[in-house]
Amino acid sequence: PKADGRNISSFEVAVAGSVSGLVTRVMISPLDVIKIRFQLQIERLSRSDPGAKYHGILQAGRQILQEEGPTAFWKGHVPAQLLSIGYGAVQFLSFELLTELVHRATTYDARDFSVHFVCGGLSASAATLAVQPVDVLRTRFAAQGEPKVYKTLRDAVVTMYRTEGPLVFYKGLNPTLIAIFPYAGFQFSFYNALKHLHEWVLPAEGRKNENLKNLLCGSGAGVISKTLTYPLDLFKKRLQVGGFEQARATFGQVRSYRGLLDCAQQVLREEGPTGLFKGLSPSLLKAALSTGFVFFWYELFCNLFHHMKKVD
């Protein structure tokens, strides 16, 4: 902490995290909608399966555009933005505070791979607990077809609470927490490691391409992290739409799951090992763009705050 020479407050760290999440969410929302549709499809993602509604990124994009219009790619965008803003603020602020604590209270190097892994995982877990209800809302909005079951955010909250109880807003929490710790831990660790690798491979570049380096290293960290933890993200999405089967009727088969283990067993039994990685291609594309841009915008805004203080 502060080893990079930036003099910024905790509030500015939180703002930078929030804004980076907000801007990135606008850019990658269409991929997120396609990824969620793929994850929830029981049928194989293949042209050879006559019951498959979606079988490729471009085909799915054309189908959604034709059937639901361009706004469908931003379904659930309001809860998604609330998710991104809240998650980004809590995650980056927690990460900065935790690494600073390690730096001050222990003999460990706060820039070490293992320290970044643990602090990154803990910060993401805290952020997940804070925004899980919004994540459930975002998934339901992105999953529903036409006609819509939920017309507005308020309608969704009231209907879900009345018909399924308060715990509905924490559906899928177990696989989310199990997945988010290593996922975020790997994100921060590999981001730091890739930055060091970049500086070792291209030492002459110095700081003149700093923003490009942040974008590329963030993208690489996102792809590696998502690949290593992907099946748990699929289980989370399947569990989050439990009790929401009527809105999925036009998309093909639907399933009910009793919990994480039951979900994993049913997916393996009915869809095979490849079923664990449904939607991986749009997810990796989304992970590369979202993680790359989140770190890019975060570093950019932190540097902006630092330079504003220097000018003052």
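Residues numbered from 1 in each chain as written. Predicted model: local features only at pLDDT ≥ 70, side-chain atom pairs only at ≥ 80, totals over all residues. Heavy atoms only, no water.

Colleague: I keep staring at the overall build of the protein chain and nothing clicks. Help me out?
Modeller: A tally of helices and strands in the protein chain yields nine helices and zero strands. Each helix and strand of the protein chain, placed in order from N terminus to C terminus, yields the pattern α-α-α-α-α-α-α-α-α. The C-alpha radius of gyration computed for the protein chain amounts to 20 Å, which stays within 12% of the reference 20 Å derived for 312 residues, consistent with globular compactness. Along the longest, intermediate and shortest principal axes, the C-alpha atoms of the protein chain span 60 × 40 × 35 Å. Among the 312 residues that make up the protein chain, the fraction classed as buried is 54%. For the protein chain, contacts bridging at least 24 residues in sequence account for 79% of all contacts bridging at least 6. Within the protein chain, one finds 35 positive and 25 negative side-chain charges whose respective centroids are separated by 4 Å. (Helix = DSSP H or I, 4+ residues; strand = E, 2+ residues; numbered from the N terminus. Rg over C-alpha atoms; globule rule 2.2 N^0.38 Å. Buried < 20%, exposed > 50% of the residue type's maximum accessible area, 1.4 Å probe, protein only. Contact = heavy atoms within 4.5 Å. Lys, Arg positive; Asp, Glu negative; His and termini not counted. Charge placed at Lys NZ, Arg CZ, Asp CG, Glu CD.)

Colleague: Can you walk me through the pattern of salt bridges in this structure?
Modeller: Considering all chains together, one arrives at 19 salt bridges under this definition. One salt bridge in this structure joins Glu 67 and Lys 53, with 3.0 Å as the shortest N-O distance. On the criterion of sequence distance, the pair formed by Glu 67 in helix α2 (residues 57-68) and Lys 53 in the loop between α1 (10-40) and α2 is long-range, its members being 14 residues apart. Residue Glu 67 is classed as partly exposed on the basis of its relative accessible area, which comes to 42%. (Salt bridge = Lys/Arg side-chain N within 4 Å of Asp/Glu carboxyl O.)

Colleague: Explain the nonpolar core here, please?
Modeller: Ala 16, Phe 92 and Tyr 298 are the most contacted members of the largest nonpolar core, which totals 18 residues. Of all the secondary structure elements, the ones that give two or more residues to this core are α1, α3 (77-105), α4 (113-143), α6 (173-201), α7 (210-240) and α9 (280-311). Top element by residues in this core is α9. It accounts for six residues. Residues lining this core come from more than one domain, with at least three contributed by each of domain 1 (6-75 + 279-304) and domain 2 (76-143 + 146-171). With sequence-adjacent residues up to four places away left out, Phe 92 is seen in contact with Val 13, Gly 17, Ser 20, Phe 188, Val 294, Phe 295 and Tyr 298. If you look at the next biggest cluster of nonpolar residues, it comprises 13 residues, including Ile 34, Ile 36, Ile 64 and Ala 72. (Core = buried A, V, L, I, M, F, W, Y, C linked by side-chain atoms within 4.5 Å. Domains from an automatic or database assignment.)

Colleague: Would you take a moment to explain the side chain of Ser 18 for this structure?
Modeller: Considering the arrangement of structural elements, one finds Ser 18 in helix α1. Accessibility expressed as a relative area gives 13% for Ser 18, which makes it buried. Sequence-distant contacts of Ser 18, that is, excluding residues within four places in its chain, are made with Ile 85, Gly 88 and Ala 89.

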